[in-house]
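# A structural walkthrough
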Amino acid sequence: MNEMLSSGIELMLIGMGMVYAFLAMLVVAINTMSNLVRRYFPEVPSKFPEQPVVAGNDKAVVAAITAAVLQYREKHKNG
């Protein structure tokens, strides 16, 4: 029984070591590929300028949404 237990622990440690080694190699491979892509394929600037974000609400849009919600509620009042 003692021999089987030590064999099982040895197998467990070998398996965990293999998983750890694979994950370490995966991290190295991903970092290497990321660096290669950034070096040889730099990000191309966009042809179109960034559109400014409008902070204010358009009153016509708010009125249309309000009317649509009210109409929906009236239509589905009994259901």
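Up top is the structure.
Analysis parameters
Residues numbered from 1 in each chain as written. Predicted model: local features only at pLDDT ≥ 70, side-chain atom pairs only at ≥ 80, totals over all residues. Heavy atoms only, no water. Helix = DSSP H or I, 4+ residues; strand = E, 2+ residues; numbered from the N terminus. Buried < 20%, exposed > 50% of the residue type's maximum accessible area, 1.4 Å probe, protein only. Areas by Shrake-Rupley, 256 points an atom, 1.4 Å probe, with all protein chains shown as cover. Patch = residues over 30% accessible without salt bridge, like charges linked within 9 Å, V, L, I, M, F, W, Y side chains within 5 Å. Salt bridge = Lys/Arg side-chain N within 4 Å of Asp/Glu carboxyl O.

### So, the overall build of the protein chain
What the protein chain contains, in helices and strands, is two helices and zero strands. When the 79 residues of the protein chain are sorted by exposure, 0% land in the buried category. Working note: accessible area of the protein chain is about 8,300 Å², and carbon and sulfur atoms make up 68% of it.

### Considerations on a nonpolar patch on the surface
A contiguous nonpolar patch, built from V19, F22, L23, M25, L26, I30 and M33 and spanning about 700 Å² of accessible area, is present on the exposed surface. Taking the relative accessible area as the measure of exposure, I30 reaches 46% and is therefore partly exposed.

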